[in-house]
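This is what each chain is made of:
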Amino acid sequence: MSPSARRATLAKDPREVAGMFDAVARRYDLSNDVMSLFQVHMWRAVTRAAVAPAPGMRILDLAAGTGTSAAEYAAQGADVVACDFSTGMVAEGRRRHPRISFVAGDATALPFADESFDAVTISYGLRNVQDTMAALREMHRVTRPGGRIVIAEFSTPASRAFRAVYRYYLGTALPAAARLISSNTAAYDYLGESILAWPDQQALASLMQQAGWRGVGYKNLSGGIVAIHRATRPRHDPRGTAAAL
């Protein structure tokens, strides 16, 4: 299969996912701008406010891509590690942001010690992980007690009428637009399919609680096209990282 035709399936085989993102690394940010109708900038600003980067704060940015968000956290004085499963994304990120630490790593088996970070964040990447619960538990493991998680992910529009329009966009308009601006239209077929198959806001909140996170809450953006979930790792949890509510 040629690089331009690479895509992942909903089985989310790690090699397929990594290969797909390797193929789109160079034009990834431009494509995101256009496909989101430039709303991605607002979504990123809200996510950044939830992470609340500050001098001396140690942040793990998972599914960091080319490091766009990681660079914004670093600009606020935080000590940021950008981690992505795609080596193509990591290479492009290092080229663009040589002062940021980039690490190739799998969200289900993070290459970091327990309680290493004050905050862990993942934007539009959890949906692509093969084992969501394993990733949530790993993020819990590497976060210090009292630290927080911030997840930005595509979700389910709150309005039934808007939901129907959005499904049409994902199934018809998005692939058509991808043919005009992207070198990998197959990847955007996967994008629409993976969003439609992803749990809604309440279901993701429940998974986070099962993984040991507490104080889980979420905020809808753009009518629920995107949801920002936030939670904390309890300071004292005798049941460990896999504790359920």
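Our structure is the block above this text.
Residues numbered from 1 in each chain as written. Predicted model: local features only at pLDDT ≥ 70, side-chain atom pairs only at ≥ 80, totals over all residues. Heavy atoms only, no water.

Engineer: What is the right way to read the sheet that holds strand E4 (residues 117-123) from this model?
Structural biologist: Whenever strands of a sheet pair, they do so through backbone hydrogen bonds, lying parallel or antiparallel. The 7 strands are arranged E3-E2-E1-E4-E5-E7-E6 in an open sheet whose pairing can be described as mixed. The outermost strands of the open sheet, each flanked by one partner alone, are strand E3 (101-104) and strand E6 (214-221). With strand direction ignored, the average angle separating the axes of adjacent strands in the sheet is 15°. Bridge count for E6 against strand E7 (residues 226-232) is 6 bridges, and the pairing is antiparallel. When the bridges of E7 are listed, Arg214 appears paired with Thr232. (Pairing = 2+ DSSP bridges. Helix = DSSP H or I, 4+ residues; strand = E, 2+ residues; numbered from the N terminus. Axes fitted to C-alpha atoms, helices over the stretch in contact; angles between N-to-C directions.)

Engineer: I keep staring at the nonpolar core and nothing clicks. Help me out?
Structural biologist: Note on soluble globular proteins: their nonpolar side chains tend to be buried together. With 29 residues, the main nonpolar core has Trp43, Ile59, Phe154, Val226 and Ile228 as its most contacted residues. Those elements that place two or more of their residues in this core are helix H3 (40-51), helix H4 (68-75), strand E2 (79-84), strand E5 (143-154), helix H7 (160-181), helix H8 (185-197) and E7. Top contributing element to this core by residue count: H3, with 4 residues. Counting residues in hydrophobic clusters, the runner-up holds 27 residues, among them Leu126, Leu136, Ile151 and Met208. (Core = buried A, V, L, I, M, F, W, Y, C linked by side-chain atoms within 4.5 Å. Buried < 20%, exposed > 50% of the residue type's maximum accessible area, 1.4 Å probe, protein only.)

Engineer: Where do I start with the side chain of Gln201 in this structure?
Structural biologist: Examined against the element boundaries, Gln201 turns out to sit in helix H9 (residues 201-210). The exposure class assigned to Gln201 is buried, which follows from its relative accessible area of 6%. Within polar-contact distance, the side chain of Gln201 engages the side chain of Ser155 at 3.0 Å. Within the local environment of Gln201, its side chain forms a polar contact with the side chain of Asn220, the two groups lying 2.8 Å apart. Among all residues touching Gln201, those that are not within four sequence positions of it are Ser155, Thr156, Tyr218, Asn220, Gly224, Ala227 and His229. (Polar contact = N/O pair within 3.5 Å; in protein donor to acceptor, adjacent residues only side chain to side chain. Contact = heavy atoms within 4.5 Å.)

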